[in-house]
Amino acid sequence: MTIGIQSYGAYIPRLRLSRAAIFQAMGWFAPATIMVAQGERSMCNHDEDSLTMAVAAARDCLRGMDKQKVDGSYLASTTLPFSDRQNAGILKTALNLRDDMITADFTSSLRAGTTGLLTALEVVRGGSRRSILVTAADKRETRPAYFYEMWFGDGAASLLVGSEEVIAEFKGSHTVSYDFVDHYRGAGKAYDYMWEERWLREEAYSKFIPEAVEGLMKRLGITMDDVQKVVFPCLFKAEHKAIAKLLGAAPEKVIDQMHEVCGETGAAHPLLMLVAALEQAKPGDGILLAGFGQGCDALYFRATEAIAKLATRAGFKGSLENKKSIDNYMKFLKFRNLIDPEMGIRAEAPTQTAMTVLWRKRKMLTGLVGGRCRDCGTPQYPKMDICVNPKCNHVDTQEDYEFADRTARIKTFTGDLLSVSVDPPNIYGMVQFDEGGRFMADFTDCELSDCRVGLPVKMVFRRRFTDNERGFAGYFWKATPQPGAAAALPEIRFDGRVAIVTGAGAGLGRAYALELAKRGAKVVVNDYGGPRDGAGEGSSAPADKVVEEIRAAGGEAVANYDNVAIPEGGEKIVGSAIQAFGGVDILVNNAGILRDKSFLKMDPENWQAVLSVHLGGAYNVTRPAFAQMREKGYGRIVMTTSAAGLYGNFGQTNYSAAKMGLVGFMNTLKLEGAKYNIKVNTIAPMAASRLTQDVMPPDMFEQLKPEFLSGIVLYLCSENCDQTGEIFNAGAGFYSRAALQTGPGAILGGGEQIPTPEDIRDQWAKIDNLGGARVLGDANTAIMSFLTPPSPGQAAAGSVVEAAGTPAEGTPGSGAPETFDVKTVFARMPEAFRPDKAAGVNVIFQFSISGPGGGDWSVAVKDGTCKVEAGKASAPTTTIKMADGDFLQLIAGKLDGMQAYSSGKLKVEGDIMKSQLIGKLFAFGK
Amino acid sequence: MASGIRDKVAILGMGCCRFGERWNMGAEELLVEAFQECLADAGIEKDRIEAAWFGHCLEEIGMGKSATPLGVALRLPNLPITRTENFCATGTEAFRGAVYAVASGAYDIALAIGVEKLKDTGYGGLPNAGSNFGSLVWQWFPNGSAPGLFAQLASAYAAKFRVSDKDLKRAISHVSWKSHANGSLNPKAHLRKAATMEQIMAAPIIAHPLGLFDCCGVSDGAACAIVTTPSIAKSLGKKDLVSVKAIQLAVSSGYEGGFNEWDGEHFVTTSKCSTKAYEEAGITNPREEIDMMELHDCFSITELVTYEDLHISERGHAWKDALDGFYDRDGKVPAQVDGGLKCFGHPIGASGLRMIYEMYLQLLGRAGERQLNNPRYGLTHNLGGFPHQNVCAISIVGRYKN
């Protein structure tokens, strides 16, 4: 009968502590530890121990195997949580294995792992048990600032041993047992006591391992030539090499002892190294395994053909890859209880476990077994007498249903800084299983920033609490993000949104369509499918191809072939979005053609064709789309302009006119869309596409991938994008804002005398000056500001200042002016008064400011003086009413007076003309 | 055939302590303070009281179990007294007992009184029960806190209704801002300082995204009501009667936390309980007919979603209504007029009764600076437990109509 290893698994805790960090903290005390301060050591999270690691390794081992065939479970460790309560029994309950099986703890020696493995193999060979699961794990405790803290790592490995589908056949073994006390730990002591390392190296490692291996080889009649993988642990790297040499093993055969990446994992280590060997082994490879500790076990295996067919599992490699490197040595010390920070009175809560409840509910608590209703099929946790489905509620219809290996997602979550935790915040929330069932669970091995509703998670067995008073440890299951899930679930999503992209059959449009669909949008891929100059017949092929690409990647899309250049085309495009997906949220006007000609050769047909597709096309599609968006109270529109439009390009008068036309279109559309949460923005792409093929050198063409535009276009299409009415250059990773800015200008002749051409010529520098230029949000604001001189503060700033019409949020330096309040403004108004401008002025301004920070003030200007009083004047010349927030914005220069007036934020009663003096009389600029 | 509670019971008198950190008063003393005010307001002698319901939730840090502590504190002469507890809905539960006793005709005059002494634990926040929270639940339920379990609503609401984190934070901050503004007008409130939006939004996080100002504090206090039939109240000389229009309770079935439907963003119990309460009170358009309310604002997010569960804001729109000031004191449906749990305080056993106290004062025109203009109906919403498993208690009071 062939017996041997059927399967393997491993687990290394995700946290890896940089040894350099240990040295940085304690090197002053133990300078010699620098010698071993390379790489990282694995470190249990606060909720992990030997038992939890063993469960993780065993689960990995059992992937793809039939749990019901397991007849025994051995657990090997020198650091088990219970001295009396069979730990292998807890493991078996966590794995939900059969009750009629043998369980045993192998302990008290670092050799316990290989001894457990050897025993299992011999039992199976004896014929009484079909297969036995052997798991080894260790979390060795050390005092700070010594070599052992550096050498050791935490970890576990698991092997399933049996006679069916064996991947590595067991050929034989040889064991020597010696009471060599290189270290010991008396019962009840926390830490090992070590004797001199030199003695361990010279008298034990160097003697017992060769003795056992030679005995094995003699017994089996093999030599090192029959061995392709040599597996044995040794704390000392140099000794490890020396022993390999002594055994006659070429270096490439020797499995690394893993110091730099993990550390030595005690009783688990030979088995962990064996798993690493099995991952690399080819059919026919001979594997020599030696476990060391008060003697040595030597075993020999030969890999079979079946080794290549084993179902995938994490193993050593996967466990090693799933890592989070940390350099917080204090955290290690706290998790190991080597420091005793104040936990507060809240942590004094009672922790008594009722054993009767634990027994009654052992499958639920330790095994994460819930129920599934026989009658309605609903999986549910916990399993209770009455089904949870309100449409069912049948009694005693629940069958056992395992939840541990099922996929799930986060339904709700939080990071709690109040509940007791050694690693705040406590992250927990509702976990929803994909196949049904849900419950509130603690999360572990994740950061709050990883958490999102919908994030895929898996369940892991962890220590829930430690009852220090009574020496009891309680276990349960927690949720942890699937490795790589957090990175794969991007934040900006378009689930439930419908997007139309015109000209999406290739180039930029296709890039946008693909990315939108990937992030959950339902996309209408429009492309007429015609040639670049737009002349001639269209084709369904381009749009169809992109739709196919989207569907193959699991997204949703429909093709549309209508021509944007005619109104009916636009109607049909939007119609297809409504028909297929019920509406439209996002429109990217990207369709365009090219007919470059120098101006004199630019005949009317070519001029018109380009305008019809770019500008007319945007009008034709946007109009019906806008109607939908207005109904919904939501919309995101992106226009495509070009550097040619913004700055000019020889031979492209038609194209430039059309592209600039789109900017004008956006300028007004943004105003009309504002109150419906419809935002309109424009991009000027620099990208490789049909339209730029001949204008760029080939290597630049290569660099300018259309995909570079997706990020910014999708951002502008996203819900949380606050921008509207803005233009962005983008391409090859470069992004910039482009804007039309208006200089302060000049008023000649006092606004009454008509300036002559000579006056204009003489004042040209002033007229032409762009110093202090501003972006203006709309025509009315612009015109009003031209005819009303700006307040001295604004002009004095000399920097670009945003006037109303563009959003205050997101623009640099436009933080809410909350450091001063209304009262302060009026208190300081006399300081801002400009007596030199007050000649002949005799007015009383009454300010009525509403809101919690508001009040009434009268400001009397007479005889070149200014008097500010709280309260209401009896006969004000002009009354100004504003809300407190708006008033402060006005004073700060962030809200233009005329814009405030035209939008109703500033109400003026009495002599309206006199209100214009305010800007002249008071210098509010900051 | 049962006919509900509408207009069968009138409130004869009410009393309420100043809530706060009453270091110099134990629960026994707080009970007497509220009781004395209540008796004086009712205008009767103690010996007229025939039965009592005693709301006390955290007896392990308070007065201990059973109804005996009330009998002893108030020296009630061997009266029938029931102790009630239903998490934070304990106060309304006590009220409910007294009201049903009178409506059943079993007693003429009944007392409902609730008290909590939370400040003897030695640390901030609600006490940590550990393994005393139930021998099974404690072995698996997450290591959570009240703020954390209610904060779950935020992630769910934001995801379901696609509200940005920024907008949701502003909306819940506004909820607290409004309660602080109201609390500053209430001499009996625990917290009486107004707070600014900036303060609120920048406050340290307790359980993401809830910050310090999103969580009601921990307070000591007691509140009391004496109820009787309208005819008895009239015969005792009361003119403007405040009567109970509805009292409803709804307790979770395990559906939310165990079945696959609930999205985590609202209270199944409140949605159903409010519908029943409106029916019982004869209210068909709550948005128009409810003039004022005291919601269970243990956390700002709870209040926000409750606007929808009370069928006053549309699903997914509460955050906008809140920011529009709809629930401000000068809004359409003022909520937490007395400062709410947030500012008045939350001594668990007393809170349900304190909510009714404010509605009662408002209906009688006795709310001082906080007085609203001619309210007709006042609604109280008192919630115990957690979003995924809880008890919702709603009462509606108004002017007695024959």
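What counts and how
Throughout this description, residue numbers start from 1 for each chain and increase along the sequence as written. Going through the entries in the order they are written, you letter the chains from A and number the ligands from 1. Reporting of local features is limited, given that this is a predicted model, to residues whose pLDDT is at least 70; pairs of side-chain atoms are given and counted only at 80 or more, and all residues count toward the totals for whole chains, interfaces and linings. To obtain the side-chain values, all non-hydrogen atoms of the structure were used and water was disregarded. Going along the chain from the N terminus, every DSSP run of H or I of four or more residues is numbered as a helix, and every run of E of two or more is numbered as a strand. To sort residues, take the accessible area from a 1.4 Å probe on protein chains only and compare it with the maximum for the residue type: under 20% means buried, over 50% means exposed, and anything in between is partly exposed. We call two residues in contact when some of their heavy atoms are within 4.5 Å. Within this scheme the basic residues Lys and Arg register as positive and the acidic residues Asp and Glu register as negative, but His and the chain ends are omitted. Think of each charge as sitting on NZ of Lys, CZ of Arg, CG of Asp or CD of Glu. Between the two quantities, the radius of gyration covers C-alpha atoms and the globule rule is 2.2 Å times the number of residues to the power 0.38. In short, Shrake-Rupley with a 1.4 Å probe defines the accessible areas, and a residue's cover is counted only from the protein chains shown. Summed over both partners, the accessible surface that disappears when two parts come together, traced with a 1.4 Å probe, is what is meant by buried area. Criterion for a salt bridge: a side-chain nitrogen of Lys or Arg within 4 Å of a carboxyl oxygen of Asp or Glu. A 3.5 Å cut-off defines polar contacts: any pair of N or O atoms within that distance qualifies, except that in protein one atom must be a possible hydrogen donor and the other a possible acceptor, and neighbouring residues in sequence count only when both atoms are side-chain atoms. One less than the number of residues in a helix, times 1.5 Å, gives the span that helix is expected to have. Each patch is assembled from residues with relative accessible area greater than 30% and no salt bridge, linking like charges that lie within 9 Å and nonpolar side chains (Val, Leu, Ile, Met, Phe, Trp, Tyr) that lie within 5 Å. Only the stretch in contact is used when a helix axis is fitted, and all axes are lines through C-alpha atoms; the angle between N-to-C directions ranges over 0 to 180 degrees. Angles are sorted into four bins: roughly parallel if under 35 degrees, roughly antiparallel if over 145, roughly perpendicular if 65 to 115, and oblique for all others. Gly falls in the polar group here, along with every residue not listed as nonpolar (Ala, Val, Leu, Ile, Met, Phe, Trp, Tyr, Cys, Pro) or charged (Asp, Glu, Lys, Arg). Pairing between strands requires that DSSP locate at least two bridges from one strand to the other. By the criterion used throughout, a crossover qualifies as right-handed when its path from the first strand across the helix to the second strand runs clockwise, the strands pointing away from the viewer. The rule is short: rings of Phe, Tyr and Trp, with Trp giving its six-membered ring, pair when the centres are within 6.5 Å, and they are stacked under 30 degrees, edge-to-face over 60, tilted in between. We count a charge as sitting over a ring when the NZ of a lysine or the CZ of an arginine lies within 6 Å of the ring centre and within 35 degrees of the ring normal.

Colleague: Sorry, what's going on with the overall build of chain A here?
Modeller: Assigned secondary structure in chain A consists of 29 helices and 36 strands. On the principal axes, the C-alpha backbone points of chain A span a range of 120 × 75 × 65 Å. Counting only residues that meet the buried cut, chain A has 53% of its 926 residues in that class. Of all intrachain contacts in chain A linking residues separated by at least 6 positions in sequence, the fraction that spans at least 24 positions is 71%. Here chain A holds 102 positive side-chain charges and 107 negative ones, and the gap between their average locations is 2 Å.

Colleague: Which parts of the structure should I look at to understand the overall build of chain B?
Modeller: A tally of helices and strands in chain B yields 14 helices and 11 strands. For a compact globule of 402 residues, the expected C-alpha radius of gyration is about 21 Å, and chain B comes in at 20 Å, within 12% of that figure. Based on the C-alpha atoms only, the size of chain B along its principal axes is roughly 55 × 45 × 45 Å. Taking all 402 residues of chain B together, the buried fraction comes to 66%. For chain B, the proportion of contacts with a sequence separation of at least 24, taken over those separated by at least 6, is 77%. A total accessible area of about 13,900 Å² is found for chain B, and carbon and sulfur atoms account for 51% of it. Looking at charge distribution, chain B has the averaged site of its 39 positive side-chain charges lying 3 Å from that of its 45 negative ones.

Colleague: What exactly am I supposed to notice about the interface of chain A and chain B here?
Modeller: A common measure of how large an interface is: the accessible area buried when the components associate. Listed by partner, the interface residues are 60 residues for chain A and 50 residues for chain B. Of the roughly 4,200 Å² buried at the junction of chain A and chain B (both faces included), carbon and sulfur atoms supply 56%. The interface formed by chain A and chain B contains 3 salt bridges. Notably, a salt bridge pairs Asp-263 of chain B with Lys-411 of chain A, separated by 2.9 Å at the nearest N-O pair. Our count for the contact surface shared by chain A and chain B stands at 31 residue pairs in polar contact (both at pLDDT 80 or more). Looking at the side of chain A that touches chain B, the elements that each hand over two or more residues are helix H11 (355–360), helix H12 (362–365), strand S16 (379–380), strand S19 (414–416), strand S20 (426–433), strand S21 (438–442), strand S22 (456–467) and strand S23 (472–481) of chain A.

Colleague: What is the right way to look at helix H19 (residues 653–673) of chain A in this model?
Modeller: Every α-helix carries 3.6 residues per turn, so stepping three or four residues along brings you back to the same face. The end-to-end C-alpha separation of H19 of chain A is 30 Å, in line with the 30 Å expected for 21 residues at 1.5 Å each. Within H19 of chain A, the full set of buried residues consists of Asn-654, Tyr-655, Ser-656, Ala-658, Lys-659, Leu-662, Val-663, Met-666, Leu-669, Lys-670 and Gly-673 of chain A.

Colleague: It is not clear to me how helix H3 (residues 90–103) of chain B should be interpreted in this structure. Could you clarify?
Modeller: Residues and elements named next belong to chain B. Given a rise of 1.5 Å per residue, 14 residues ought to cover 20 Å, and the 20 Å separating the end C-alpha atoms of H3 matches this to within 8%. The element H3 is extensively covered by neighbouring structure, given that 11 of its 14 residues are classed as buried. Taken together, the buried positions of H3 are occupied by Thr-90, Gly-91, Thr-92, Glu-93, Ala-94, Phe-95, Gly-97, Ala-98, Val-99, Ala-101 and Val-102. Looking one or two places after H3, you find Gly-105, whose phi comes out positive at around 85°.

Colleague: Looking at this structure, I do not really get a nonpolar patch on the surface. What am I missing?
Modeller: Residues and elements named next belong to chain A. Residues Val-181, Tyr-184, Tyr-193, Trp-195 and Trp-199 make up a contiguous nonpolar surface patch of about 540 Å² in total accessible area. Among the structural elements, Val-181 can be located in the loop between strand S8 (168–177) and strand S9 (183–184). Overall, the relative accessible area of 33% leaves Val-181 in the partly exposed class.

Colleague: Please clarify how the packing of helix H5 (residues 165–183) of chain B against helix H11 (residues 300–309) of chain B should be interpreted in this entry.
Modeller: Geometrically, a packed helix pair is captured by the angle between its two axes and the distance between the axes. Residues and elements named next belong to chain B. Close contact between H5 and H11 brings their axes to 9 Å; oriented N to C, the two are set at 100°. Between H5 and H11, the interaxial angle falls into the category roughly perpendicular. Residues Leu-168, Ala-171, Ile-172, Val-175, Ser-176, Lys-178 and Ser-179 of H5 touch H11, and the partners they reach there are Ser-300, Ile-301, Glu-303, Leu-304 and Tyr-307. Looking at the contact of H5 with H11 residue by residue, the class counts come to 7 nonpolar, 3 polar and 2 charged.

Colleague: How do you make sense of the pattern of salt bridges when you look at a structure like this?
Modeller: Proximity of charged atoms lets side chains of opposite charge pair with each other. Residue and element names in this part refer to chain A. Under the defined criterion, the tally for this structure stands at 78 salt bridges over all chains. Asp-256 is the salt-bridge partner of Lys-237, the closest N and O atoms lying 3.6 Å from each other. Separated by 19 residues along the polypeptide, Lys-237 in helix H7 (residues 237–247) and Asp-256 in the loop between H7 and helix H8 (269–280) bring together distant segments of the chain. Since its relative accessible area comes to 43%, Asp-256 is described here as partly exposed. The closest approach of N and O atoms between Asp-467 and Arg-470, which form a salt bridge, is 2.6 Å. Residue Asp-467 is classed as buried on the basis of its relative accessible area, which comes to 2%. We classify Arg-470 as partly exposed; its relative accessible area is 41%. Several salt bridges converge on common partners, so that one network encompasses Arg-41, Lys-139, Glu-141, Asp-154 and Arg-336.

Colleague: Before we go on, may I ask you to explain unusual backbone geometry in this structure?
Modeller: Trans is the prevailing form of peptide bonds, just as negative phi is the prevailing case for residues other than glycine. Residue and element names in this part refer to chain A. Across the junction of Tyr-381 and Pro-382, the peptide omega takes the value -5°, indicating a cis bond. For Pro-382, the location among the structural elements is in the loop between S16 and strand S17 (398–402). Following Pro-424, the chain continues to Pro-425 via a peptide bond in cis, the omega torsion being 0°. Mapped onto the elements, Pro-425 comes out in the loop between S19 and S20. Of note, the phi angle at Asn-96 is positive, near 55°, even though the residue is not glycine.

Colleague: What is the right way to read the sheet that holds strand S14 (residues 324–326) of chain A from this model?
Modeller: Sheet strands pair via backbone hydrogen bonds, and the direction of the pair is either parallel or antiparallel. All names here are of chain A. The 3 strands lie next to each other as S3-S2-S14, forming an open sheet whose pairing is mixed. Looking at strand neighbours, the two that pair on one side only are strand S3 (40–43) and S14, the edges of this open sheet. The sheet shows a mean angle of 35° between the axes of neighbouring strands, direction not considered. Pairing geometry for strand S2 (residues 15–18) and S3, over 4 bridges, is antiparallel. When the bridges of S3 are listed, Arg-16 appears paired with Ser-42. Most of the contacts of helix H1 (residues 19–26) go to S2, to which it runs at about 45°, and overall it touches S2 and S3.

Colleague: How do you make sense of the pairing of strand S3 (residues 81–84) of chain B when you look at a structure like this?
Modeller: Note on strand geometry: in a regular strand, side chains alternate between the two faces of the sheet. Residues and elements named next belong to chain B. Relative to S3, strand S2 (residues 51–55) runs parallel, the two sharing 4 bridges. Across the sheet, Phe-54 pairs through a bridge with Arg-83, a residue of S3. Viewed along the sheet, the connection from S2 through helix H2 (residues 68–73) into S3 turns out right-handed.

Colleague: What am I meant to see in the sheet that holds S2 of chain B here?
Modeller: Residue and element names in this part refer to chain B. The strand order across the open sheet formed by 9 strands is S3-S2-S4-S7-S1-S8-S11-S10-S9, and the pairing between neighbours is mixed. Strand pairing shows two members of the sheet lacking a second neighbour, S3 and strand S9 (292–294), which therefore form its edges. In this sheet, adjacent strand axes meet at a mean angle of 25° when their direction is disregarded. Summarising the sheet, strand S1 (residues 10–16) and strand S7 (residues 221–228) pair through 6 bridges and their orientation is antiparallel. Bridge pairing links Gly-15 to Cys-224 in S7. Across the sheet, helix H9 (residues 268–281) is in contact with strand S8 (242–251), strand S10 (377–386) and strand S11 (389–399); its angle to S8 comes to roughly 150°.

Colleague: Help me understand the packing of aromatic side chains in this model?
Modeller: Given two aromatic rings, one states the distance between the centres and the angle between the planes to describe the pair. Residue and element names in this part refer to chain A. The final tally for this structure, using the stated rule, is 47 aromatic pairs over all chains. An angle of 70° between the planes, with centres 5.2 Å apart, marks the rings of Tyr-148 and Trp-151 as edge-to-face. Residue Tyr-148 and its partner Trp-151 are both found in helix H5 (residues 147–151); the two are separated by 3 residues, about one turn of the helix. On the basis of relative accessibility, which here comes to 6%, the residue Tyr-148 falls in the buried class. Arranged with centres 5.7 Å apart and planes meeting at 50°, the rings of Phe-833 and Phe-922 form a pair that is tilted. Here Phe-833 is found in the loop between helix H26 (822–832) and strand S32 (843–850), whereas its partner Phe-922 is found in the segment after helix H29 (917–921), with 89 residues between them in sequence. For Phe-833, a relative accessible area of 10% corresponds to the buried category. Linked through ring pairs, Tyr-146, Phe-147, Tyr-148, Trp-151, Phe-152, Tyr-178, Phe-180, Trp-199, Tyr-205, Phe-208, Phe-236 and Phe-292 together constitute an aromatic cluster. Stacked on the ring of Phe-82, the Lys or Arg Arg-85 has its end atom at 4.8 Å from the ring centre. Between Arg-201 and the ring centre of Phe-236, over which it is positioned, the NZ or CZ distance is 5.0 Å.

Colleague: How do you make sense of the side chain of Glu-265 of chain B when you look at a structure like this?
Modeller: All names here are of chain B. As for its placement among the helices and strands, Glu-265 is situated in the loop between helix H8 (255–258) and H9. For Glu-265, the side chain forms a polar contact with the side chain of Lys-160, separated by 3.3 Å. A distance of 3.2 Å separates the side chain of Glu-265 from the side chain of His-266, its partner in a polar contact. With residues up to four places along the chain from it excluded, the contact list for Glu-265 reads Leu-153, Ala-156, Tyr-157, Lys-160, Phe-161 and Val-305.

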